[in-house]
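One-letter residues, chain by chain:
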Amino acid sequence: MTDQLIIFDTTLRDGEQSPGASMTRDEKLRIARQLERLRVDVIEAGFAASSNGDFEAVKAIADHIKESTVCSLARANDRDISRAAEALKGAPRARIHTFIATSELHMEKKLRMTRDQVFEQAKQAVRFARNLAGDIEFSPEDGYRSDPDFLCWVLEAVINEGATTVNIPDTVGYAVPELYGEFIRSLRERIPNSDKAVWSVHCHNDLGMAVANSLAGVKIGGARQIECTINGLGERAGNCSLEEVVMAVKTRKDHFGLTLAIDTSQIVPASRMVSQTTGFVVQPNKAVVGANAFAHASGIHQDGVLKARDTYEIMRAEDVGWSANKIVLGKLSGRNAFRQRLQELGVDLDSEAEVNAAFARFKDLADRKSDIFDEDIIALVSDESVTSEQEHYRLLALSQHSETGERPQASVVFTAGGVEHKASSHGNGPVDASLKAIESRLKTGAELLLYSVNAITSGSTESQGEVTVRLQHGGRVVNGVGADPDIVVASAKAYLSALNKLHSKLERVAAQG
Ligand code: KIV
Ligand code: ZN
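The following refers to the structure shown.

Rules of the game
Residues numbered from 1 in each chain as written. Chains lettered and ligands numbered in written order. Predicted model: local features only at pLDDT ≥ 70, side-chain atom pairs only at ≥ 80, totals over all residues. Heavy atoms only, no water. Near = heavy atom within 4 Å. Polar contact = N/O pair within 3.5 Å; in protein donor to acceptor, adjacent residues only side chain to side chain. Areas by Shrake-Rupley, 256 points an atom, 1.4 Å probe, with all protein chains shown as cover. Helix = DSSP H or I, 4+ residues; strand = E, 2+ residues; numbered from the N terminus. Nonpolar A, V, L, I, M, F, W, Y, C, P; charged D, E, K, R; others polar. Pairing = 2+ DSSP bridges. Axes fitted to C-alpha atoms, helices over the stretch in contact; angles between N-to-C directions. Core = buried A, V, L, I, M, F, W, Y, C linked by side-chain atoms within 4.5 Å. Buried < 20%, exposed > 50% of the residue type's maximum accessible area, 1.4 Å probe, protein only. Contact = heavy atoms within 4.5 Å.

Here we take up the site of ligand 1. Looking at ligand 1, there are 11 residues lining it, with Arg13, Asp14, Thr171, His202 and His204 nearest. In the model, an oxygen atom of ligand 1 is placed 3.0 Å from a nitrogen or oxygen of the Arg13 side chain. His204 places a side-chain nitrogen or oxygen 3.0 Å from an oxygen atom of ligand 1. Coverage of ligand 1 by the protein chains reaches 100% of its 260 Å² of free accessible surface. Taken together, the elements giving at least two residues each to the shell around ligand 1 come down to strand 4 (94–101) and strand 5 (136–141). Along the lines of polarity and charge, the residues of the shell around ligand 1 split into two nonpolar, six polar and three charged.

Let us now look at the sheet that holds strand 12 (residues 409–416). Within a sheet, each strand pairs with its neighbour through backbone hydrogen bonds, oriented either parallel or antiparallel. The antiparallel open sheet is built from three strands, whose spatial order is 11-12-13. Either end of the sheet is taken by a strand with one partner, and the two such strands are strand 11 (393–401) and strand 13 (419–426). Mean inter-strand twist for the sheet, computed between neighbouring axes without regard to direction, equals 15°. Alignment of strand 12 against strand 13, held across eight bridges, turns out to be antiparallel. The partner of Val413 across the bridge, within strand 13, is Lys422.

Ranked by internal contacts, the top residues of the largest apolar core, which has 110 residues, are Ile96, Leu155, Trp199 and Ile226. Broken down by element, the residue count for this core peaks at eight residues, all from helix 6 (residues 148–161). Residue contacts for Ile96: discarding those within four places in its chain leaves Ser72, Ala74, Ile81, Ala84, Ala85, Leu88, Ala129, Leu132, Ala133, Asp135, Ile136 and Glu137.

Among the structural elements, Glu44 can be located in strand 2 (residues 42–46). Glu44 gets classed as buried once you look at its relative accessible area, which sits at 0%. A polar atom in the side chain of Glu44 sits 3.0 Å from the side chain of Arg13.

Any functional reading would require information beyond the geometric quantities listed.
Printed below as a string of structure tokens:
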């Protein structure tokens with residue numbers, strides 16, 4: 001058995017299944033480039049058959065990513081698998097990941113299929129996929145809650161058909177570490193051809209044990225691939241968090257004895273990019289990537305760290321990329337410097353018009369904010385009005401008045417489908433007044449599920465405010481993100497960005513994971 005642990009990142013597929021986290025093709029490509037810089041072994045880029053948008057995103061990633069393997073999910077049927085293969089054509093290293101549920105509950109209630117039918121369909125799917133690609137992963141969905149005898153039968157058959165990786169999902173986050181580790185060990189021991197495939201773990205975090213379970217799957221079970229997401233992004237309580245498993249394996253090499261290809265200095269930039277793009281804010285006390293993860297507040301700890309760092313620190317902040325937070329550009333920076341920084345950040349703006357629009361915004365921001373950080377640039381290009389020609393709503397101007405003892409009032413000027421609107425409203429605060437003003441004119445009826453404000457770069461009130469607004473309407477949930485030094489303006493931008501997403505009626509087939 002090899003000592004190399006494969007890191008399979010599924011931020012762009014399983015992570016994207018979080019309500020409101022869906023990303024555009026360009027956003028996915030930007031994150032894929034960061035994942036490549038992070039040197040993840042496999043990037044699960046999406047679920048090509050789920051929608052035209054996801055097909056295009058997988059294709060763009062397959063066409064651009066050279067170092068990591070690019071993977072697409074596919075249900076166990078010929079159409080999904082062909083779509084995945086088609087989208088992956090341009091990738092130097094491509095993987096098709098096909099899955100079908102194997103637990104009694106899922107087979108009976110969801111698929112309405114017998115064991116024999118599921119067995120045959122799994123075999124057929126892998127055989128079909130094997131004719132289209134050399135690297136095939138098979139997942140028995142809800143594998144951890146499946147009957148081990150049935151699972152052995154299915155897994156032995158798919159390995160015979162040519163599956164090169166077999167993955168054991170704990171789809172509903174039910175496992176506990178020792179039992180999950182033993183489960184995988186027993187499958188590997190019982191299946192005669194188990195050594196012909198790499199074993200993989202895929203854990204959801206419903207009981208807060210996704211990282212512990214994944215590590216047990218490796219240590220006890222002998223798995224050599226971990227499926228995970230940046231910031232643990234994923235539906236419900238999320239997936240196994242990449243930064244946590246990676247730093248656990250690295251920091252406790254004495255225990256795990258495994259090597260990783262990951263460039264850990266790219267972890268924090270990846271975390272920031274995913275959080276800014278999806279609007280899923282990272283909690284301050286989150287391990288490795290939370291703003292407080294390396295902050296020592298107590299006097300005793302500070303004193304200890306100053307005398308000898310390792311008294312209270314088991315990892316160095318700079319090793320996971322915290323020092324990457326540097327001033328990059330300012331008011332006097334020119335177009336070429338801006339363009340070069342975009343390239344270094346992996347941002348590809350398709351047309352000269354987009355570069356011009358982004359540069360104009362950069363200049364505007366630099367007039368109001370002296371130091372521009374990488375995070376500011378990412379926020380700037382994440383702004384839909386720079387990257388999307390289909391933007392329907394756009395903020396033009398906002399003024400607001402608030403004074404102690406007075407009821408705040410706001411006036412907002414924006415366009416909807418190119419037509420200019422002006423609306424005013426009172427509210428409990430200036431943010432409330434601004435959003436009410438927009439709603440009073442548009443009457444969308446969207447329900448506000450979440451509103452949060454975050455400083456883009458920590459430690460200073462000069463930072464831009466980054467606002468996330470989550471809206472629900474007609475059964476869809478979307479996140480809008482807006483950034484500006486003025487948080488009232490950032491809030492209006494975030495609200496309009498969420499409305500833009502509701503307006504673009506992109507629908508997709510949900511992955512069953
Ligand atoms: O959680 C799950 O079962 C999945 C599979 C599709 C791998 O995401
Ligand atoms: Zn999953």
